[in-house]
Number of protein chains: 2
Amino acid sequence: MDVKKNIAVSNTNRTKSIGYKNFPMVPRVVFGKGSFDQLGDILLPKRRNAEAPVIFLIDEVFERGDLIARVPLMFNDKIIFVSAEEEPKTQQVDALVDLIREEYSELPSGIVGIGGGTLLDLSKAVALMLTNKGSAHQYQGWDLIEKPGVYHVGIPTISGTGAEVSRTAVLLGPNRKLGINSDFTPFDQVILDPDLTKGVPKDQWFYTGMDCFIHCVESLNGTYLNAFSQSYGEKAFDLCKEVFLGDLTEEESRDKLMMASWHGGMSIAYSQVGVAHALSYGLSYVLGVKHGIGNCLVFRHLEEYYPAGVEMFNSMMNKHRISLPTGLCKSLSETEMDTMISVSLSMKPLWENALGKDWNSKVGPEHLRRIFQQI
Amino acid sequence: MDVKKNIAVSNTNRTKSIGYKNFPMVPRVVFGKGSFDQLGDILLPKRRNAEAPVIFLIDEVFERGDLIARVPLMFNDKIIFVSAEEEPKTQQVDALVDLIREEYSELPSGIVGIGGGTLLDLSKAVALMLTNKGSAHQYQGWDLIEKPGVYHVGIPTISGTGAEVSRTAVLLGPNRKLGINSDFTPFDQVILDPDLTKGVPKDQWFYTGMDCFIHCVESLNGTYLNAFSQSYGEKAFDLCKEVFLGDLTEEESRDKLMMASWHGGMSIAYSQVGVAHALSYGLSYVLGVKHGIGNCLVFRHLEEYYPAGVEMFNSMMNKHRISLPTGLCKSLSETEMDTMISVSLSMKPLWENALGKDWNSKVGPEHLRRIFQQI
């Protein structure tokens, strides 16, 4: 999940001037095996005319699969395949927007993102940047977007990131990794079809599921929490336990992990991530480690902060025979290590959520160095 | 909860022609103690001009309370106090719409409902009927509303009905008790301020909370359930257990029951109520018993259908020293009893959800008569 500050924040969830966040929810959702096939009917009333296409941004792993034949293309619609090998970038958003603008005289009728967190975040950002001037990196931050984006639909094909329900689109910009957080960011429509997650490789399934699990541990143990976020976070946590430690059929497991991701994403409304995400951002920034695995690499060394969560995480690792790479930080230069530490420490809301207002009396560079050296 | 059929239904949650329901969620929600005071800021951008008022429909129990001074009146806004002593009626909706049309030349900028399920359902219906022709009773059913209503805000002051999040407005019409179920029905904005539930009398608190609890038991034990509704239903169920059997502070209890109601309402997306609601509707129709207490009166006699749920319900009754009236059906005429039975048996989706497709081989008039005679 993103380094976000989705609450008008103090540690009581309240400030006098702004009050509590007025949280935007995805206004339409379909859930069910095979619900992907309803996409055509859903898009039809949104098509302005034959010249205003629907643009489908699809993870390139589906390029040679059966899914493509089921994409409801009409008129001059276009599929753009996108690699999710790397974290999504502001430049990539700008390039996609340019490409669409060059090819079409009309604004698209809709943007449909099909894939994991990377594709979903890219799709949200492209929809916004088609109607807002300039480059995507100018909007990294909170509530900088001024105009509603193009109608956008999110269809997750892997579960755990919560990107399908969040009000952010996390992007690597020229200077930082930060989300475009705004009330216009959430999808207008989400289709939750658990069957789409069938082909996910086991490692990726695990790491992305752990994004949800770790986020729940961090927010449930944080100081920002209120009953709204707690109820969603607890449900996501319970579902993760069932999926990764229980005895479910594959179908139940797909269904429940999709719902865990959904509730986990909702729980961010009035909560925040913590130590794991702060460190994972440093790791990601310096080594380009992807978000899901980055969280796992960090989390197992955080017993001091999340003892019960780390114990459960280790059981999940064992049960699914996941082995994480080691020695990643061994050959870092002194400068790289310093950058990693300072990027992590710069995530103030995360530290404050985890350790309270006086967090910087409780953690410092040497402490983080010792943790990173174990990774 | 309503006799509703919010799913494009078969017992697998799927029909070939329509697919799964594309569920409309409340697009904006604020949660927090004292968040009621954000109402003014929330309404401001929705005010079209000084002639287009905001109409506040408020439960008359607040008429002499502190809350009224906090209602953000501007221009020619109007407060209308409404009694929630009786179940809301289609005639009442028509009368409110006439009153607003007579007094104002402009369509209101917004309708704000403040109260329990009765006030929330009335407010949803009034907002819809201001833009749709004819009488409210013409729209009792599914997807009969053609135009979006006036912008409408829901602010619950008692927890359990789920009316704050549902896509229905349950009304007593000239011929039947049935909801206006449509994609335009849900509120555009909900404010969840647990402090507003502070003054609720204990009995009412219990009965309304049980509306949520009983609904969860029915939907979790039904045949229509899928993972989406199950996850919301389980969370609502767990929260009810904490509230009614746990050891919470009053503040925690208010917070958690408000979230239980919210999740319970969401769980209806792809589920359905069951035997208790079917019988309770019959009771309500003939005796005018209010919905919350009606469910309780019925539910304790349903061990054969919901053994674990009824046992837990009895523990909750004992813990809170609730005593229900008895002998209600003792002096019913034969005709009244027959009506009660036939109204209950007419709730086909509820029976199908509870007992499966061959439900009418499993239950009949004599069976229901024996249950009603105990009430």
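It should be emphasised that the depicted structure is a prediction, and the values quoted were computed from it without experimental measurement.

A. A look at empty space enclosed by the protein. This structure, assessed with the given rule, holds one cavity of 30 Å³ or more. Within this model, the largest cavity holds a volume of roughly 30 Å³. Forming the boundary of the largest cavity are Leu239, Lys256 and Met259 of chain A together with Ala227, Gln230, Ser231 and Glu234 of chain B. In terms of residue count, helix H5 (residues 227-245) of chain B provides more of the lining of the largest cavity than any other element does, four residues in total.

B. Here's a closer look at the sheet that holds strand E6 (residues 141-142) of chain A. With respect to topology, three strands assemble into an open sheet ordered E6-E9-E8 (chain A), the strand pairing being mixed. Both edges of this open sheet fall to E6 and strand E8 (170-172) of chain A, since each of them pairs with a single strand only.

C. Quick peek at the relation of the copies chain A and chain B. Screw-axis analysis of chain A against chain B gives a translation of 0.0 Å along the axis, an RMSD of 0.0 Å, and a rotation angle of 180°. With respect to symmetry, the two chain copies, as superposed, fit the operation of a two-fold axis. Within chain A, Pro27 of chain A has its C-alpha nearest the rotation axis, a separation of 2.5 Å. Looking at chain A, 100% of its interface residues are interface residues in chain B too, so the copies touch through the same face.

D. A look at the environment of Leu302 of chain B. Residues and elements named next belong to chain B. Position of Leu302 relative to the elements: it lies in the loop between helix H8 (291-299) and helix H9 (307-319). A sequence separation of 27 residues divides Leu302 from Val275, and the C-alpha atoms of the two residues are 8.0 Å apart. Beyond its immediate stretch of four places on either side in the chain, Leu302 contacts Val275, Ala276, Leu279, Val310 and Ile371.

E. Seen up close, the sheet that holds strand E7 (residues 152-156) of chain B. Across the sheet, which stays open at both edges, the seven strands sit in the order E1(A)-E2(B)-E10(B)-E7(B)-E5(B)-E3(B)-E4(B) with mixed pairing between neighbours. With one partner strand each, in any of the chains shown, strand E1 (23-24) of chain A together with strand E4 (78-82) of chain B form the two edges of the open sheet. Note: strand E2 (residues 28-31) of chain B against strand E10 (residues 189-192) of chain B, three bridges, orientation parallel. Bridging across to E10 of chain B, Phe31 of chain B finds its partner in Leu192 of chain B.

F. Examining the pattern of salt bridges more closely. Overall, the coordinates contain 38 salt bridges over all chains when judged by the stated rule. A salt bridge links Lys177 of chain A to Glu87 of chain A; its shortest N-O distance comes to 2.8 Å. With a gap of 90 residues between them, Lys177 of chain A in strand E9 (residues 177-181) and Glu87 of chain A in the loop between strand E4 (78-82) and helix H2 (90-103) connect regions that are remote in the sequence. The same class applies to Lys177 of chain A as to Glu87 of chain A, namely buried. A salt bridge links Asp37 of chain B to Arg70 of chain B, with the nearest nitrogen and oxygen atoms 3.0 Å apart. A residue pair is termed long-range when its members are at least 10 positions apart, and Asp37 of chain B in the loop between E2 and helix H1 (39-43) and Arg70 of chain B in the loop between strand E3 (54-59) and E4 qualify at 33 residues. Here Arg70 of chain B falls in the partly exposed class, since its relative accessible area comes to 34%. Through salt bridges with shared partners, one network takes in Lys21, Asp143, Arg167 and Asp183 of chain A together with Arg28 of chain B.

G. Region of interest: the packing of helix H7 (residues 275-287) of chain A against helix H10 (residues 334-345) of chain A. All names here are of chain A. Two elements in contact, H7 and H10, have axes separated by 7 Å at closest approach and are oriented at 140°. Of the possible angle classes, the one that applies to H7 and H10 is oblique. Of the two elements, H7 crosses H10, and the hand of that crossing is right-handed. Between H7 and H10, the contacting residues are Ala278, Leu279, Tyr281, Gly282, Leu283, Tyr285, Val286 and Leu287 on the first element and Glu336, Thr339, Met340, Val343 and Ser344 on the second. When grouped by side-chain class, the residues that make up the contact of H7 with H10 number nine nonpolar, three polar and one charged.

H. Seen up close, unusual backbone geometry. With a phi angle near 60°, Asp143 of chain A is a residue other than glycine that sits in the positive phi range. When you line up the elements, Asp143 of chain A lands in the loop between E6 and strand E7 (152-156). Since its relative accessible area comes to 47%, Asp143 of chain A is described here as partly exposed. Even without being a glycine, Arg321 of chain B presents a positive backbone phi close to 50°. Turning to its location among the elements, Arg321 of chain B is positioned in the loop between H9 and helix H10 (334-345).

I. Focus on the confidence of the model for chain A. A residue-level look at chain A finds 95% of positions with pLDDT of 70 or above and a mean pLDDT of 93. Here the predicted complex carries an ipTM of 0.93, next to a pTM of 0.94.

J. Up close: the UniProt feature "domain: Fe-containing alcohol dehydrogenase-like C-terminal" (unreviewed entry) in chain A. According to UniProt, the "domain: Fe-containing alcohol dehydrogenase-like C-terminal" (unreviewed entry) feature falls on residues 207-308 of chain A. The annotated region residues 207-308 of chain A carries 74% helix and 0% strand content, and the separation between its end C-alpha atoms amounts to 19 Å.

K. Layout of the domain arrangement of chain A. Residues and elements named next belong to chain A. We note that the domain assignment places domain 1 (3-19 + 201-373) and domain 2 (32-197) within chain A. Counting residues at the interface gives 25 residues for domain 1 and 29 residues for domain 2. Three residues, Met258, Trp262 and Lys290, lead the burial of domain 1 against domain 2; their summed loss comes to 28% of the area buried on that side. There are zero salt bridges connecting domain 1 and domain 2. Linking domain 1 with domain 2 are six residue pairs in polar contact (both at pLDDT 80 or more), by the criterion used here. For the side of domain 1 that touches domain 2, the elements supplying multiple residues, two or more each, are helix H4 (202-220), helix H6 (250-267) and H7. Examining the composition of the side of domain 1 that touches domain 2, we find that ten residues originate from one element, H6, more than from any other. Across the side of domain 1 that touches domain 2, the residue classes tally to ten nonpolar, eight polar and seven charged.

L. Representation of a nonpolar patch on the surface within the structure. A cluster of nonpolar side chains, contributed by Leu44, Met74 and Phe75 of chain A, occupies part of the molecular surface with about 290 Å² of accessible area. One can find Leu44 of chain A in the loop between helix H1 (39-43) and strand E3 (54-59).

M. Region of interest: the packing of aromatic side chains. Residue and element names in this part refer to chain B. Counting across every chain of the model gives 26 aromatic pairs over all chains. Between Phe299 and Phe313 the ring centres are 5.5 Å apart and the planes differ by 85°, which places this aromatic pair in the edge-to-face class. Taken together, the residues span a long stretch of sequence, with Phe299 in helix H8 and Phe313 in helix H9 at a distance of 14 residues. With respect to burial, Phe299 and Phe313 carry one shared label: buried.

N. Just the pairing of strand E10 (residues 189-192) of chain A, in detail. All names here are of chain A. With burial as the criterion, each face of E10 is covered, one bearing Gln189 and Ile191 and the other bearing Val190 and Leu192. By the bridge criterion, two bridges tie E7 to E10 in an arrangement that is parallel. Of the residues in E10, the one forming a bridge with Val153 is Gln189.

O. Geometry of the side chain of Asp59 of chain A. Residues and elements named next belong to chain A. The residue Asp59 is located in strand E3 in this model. For the buried Asp59, no salt bridge exists, and the shortest N-O distance to an oppositely charged side chain is 7.2 Å, to Lys290. At a separation of 2.9 Å, a polar atom in the side chain of Asp59 contacts the main-chain amide nitrogen of Val61. For Asp59, the contacting residues outside a window of four places in its chain are Phe81, Val82, Ala84, Ile114, Gly115 and Leu119.

P. Quick look at the packing of helix H4 (residues 202-220) of chain B against helix H6 (residues 250-267) of chain B. Residues and elements named next belong to chain B. With their axes 10 Å apart at the nearest point, H4 and H6 run at an angle of 40° to one another. For the element pair H4 / H6, the angle class is oblique. The handedness of the crossing between H4 and H6 comes out as left-handed. In this structure, H4 contributes Trp205, Gly209, Cys212, His215 and Ser219 to the contact, and H6 contributes Ser253, Leu257, Ala260, Ser261, Gly264 and Ser267. A per-class count over the contact of H4 with H6 returns four nonpolar, seven polar and no charged.

About the cut-offs
- Residues numbered from 1 in each chain as written.
- Chains lettered and ligands numbered in written order.
- Predicted model: local features only at pLDDT ≥ 70, side-chain atom pairs only at ≥ 80, totals over all residues.
- Heavy atoms only, no water.
- 1 Å grid on protein atoms, 1.4 Å probe; cavity = no way out; pocket = protein on both sides within 12 Å on 5 of 7 lines; lining within 4 Å.
- Points joined across faces, edges and corners; volume = space filled by probe spheres on them.
- Helix = DSSP H or I, 4+ residues; strand = E, 2+ residues; numbered from the N terminus.
- Pairing = 2+ DSSP bridges.
- Least-squares fit on C-alpha atoms with pLDDT ≥ 70 in both.
- Contact = heavy atoms within 4.5 Å.
- Salt bridge = Lys/Arg side-chain N within 4 Å of Asp/Glu carboxyl O.
- Buried < 20%, exposed > 50% of the residue type's maximum accessible area, 1.4 Å probe, protein only.
- Axes fitted to C-alpha atoms, helices over the stretch in contact; angles between N-to-C directions.
- Parallel < 35°, antiparallel > 145°, perpendicular 65-115°, else oblique.
- Left-handed = near helix turned anticlockwise from the far one by under 90°.
- Nonpolar A, V, L, I, M, F, W, Y, C, P; charged D, E, K, R; others polar.
- pLDDT = per-residue confidence, 0-100.
- UniProt positions renumbered as here; feature names shortened; annotations may be inferred.
- Domains from an automatic or database assignment.
- Buried area = accessible area lost by both parts, 1.4 Å probe.
- Polar contact = N/O pair within 3.5 Å; in protein donor to acceptor, adjacent residues only side chain to side chain.
- Patch = residues over 30% accessible without salt bridge, like charges linked within 9 Å, V, L, I, M, F, W, Y side chains within 5 Å.
- Areas by Shrake-Rupley, 256 points an atom, 1.4 Å probe, with all protein chains shown as cover.
- Phe/Tyr/Trp six-rings, centres within 6.5 Å; stacked < 30°, edge-to-face > 60°.
- Lys, Arg positive; Asp, Glu negative; His and termini not counted.

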